[in-house]
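# A look at the structure
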Amino acid sequence: MKSPRRKPTDAELGILNVLWSRGPSTVRQIAEDMGREAGYTTILKLLQIMTEKSLVMRDEGARTHVYAAAYTQDQTQRQLVADLLERAFDGSAAKLVLQALAASKTTPEDLVEIKRLLRTAGAPAGQDDKAGGSR
């Protein structure tokens, strides 16, 4: 049986961001993208830990190992938000959204997208968000 997914640390998220943007990469490529050429051994150690946590997959087919994210950015973000939702907001999405909006400046573009998502979430199944919506 597969163990439950473990959450990435901040340093691990930094590595995952590189893998999501550039795709499968070597340790050296990741270190260069992160501007941490001198931190090669640190990156390597983190990738070894991330492999054990099933956050990344390692291709050992070549002399230089290539690492890839085990989950998409969207899957990881959803897992982190779901965990935060349960731990800090008693499962209330409304409380989480209100705090997120209060914590930072929201752009007009973000508000348009949030309104579109709310219309879509409230629409009956099969109805698109073109009806009655203004952009």
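Residues numbered from 1 in each chain as written. Predicted model: local features only at pLDDT ≥ 70, side-chain atom pairs only at ≥ 80, totals over all residues. Heavy atoms only, no water.

What follows covers the packing of helix α1 (residues 10-22) against helix α3 (residues 40-52). In contact at an axis separation of 10 Å, α1 and α3 are set at 95° when each is read in the N-to-C sense. With respect to α3, the axis of α1 lies roughly perpendicular. Contacts between α1 and α3 involve Ala11, Glu12, Ile15 and Leu16 from the first element and Ile43, Leu46, Leu47, Ile49 and Met50 from the second. Residues of the contact of α1 with α3, tallied by class, amount to eight nonpolar, no polar and one charged. (Axes fitted to C-alpha atoms, helices over the stretch in contact; angles between N-to-C directions. Helix = DSSP H or I, 4+ residues; strand = E, 2+ residues; numbered from the N terminus. Parallel < 35°, antiparallel > 145°, perpendicular 65-115°, else oblique. Contact = heavy atoms within 4.5 Å. Nonpolar A, V, L, I, M, F, W, Y, C, P; charged D, E, K, R; others polar.)

A few words now on the nonpolar core. Proteins that are soluble and globular tend to have nonpolar side chains buried together. Core analysis: the largest hydrophobic core is formed by 15 residues, its most contacted members being Ile15, Leu19, Ile30, Ile43, Leu47, Met50 and Val56. Where this core is concerned, the elements lending two or more residues are α1, α2 (27-33), α3 and β2 (66-69). Sequence-distant contacts of leucine 47, defined by excluding residues within four places in its chain, comprise Ile15, Val27, Ile30, Val56 and Tyr67. (Core = buried A, V, L, I, M, F, W, Y, C linked by side-chain atoms within 4.5 Å. Buried < 20%, exposed > 50% of the residue type's maximum accessible area, 1.4 Å probe, protein only.)

Before going further, it helps to examine the packing of helix α4 (residues 73-89) against helix α5 (residues 93-103). Their axes nearest at 9 Å, the elements α4 and α5 cross at an angle of 100°. With respect to α5, the element α4 is oriented roughly perpendicular. Between α4 and α5, the contacting residues are Val81, Leu84, Leu85 and Phe89 on the first element and Ala93, Lys95, Leu96 and Gln99 on the second. Split into classes, the residues belonging to the contact of α4 with α5 amount to six nonpolar, one polar and one charged.

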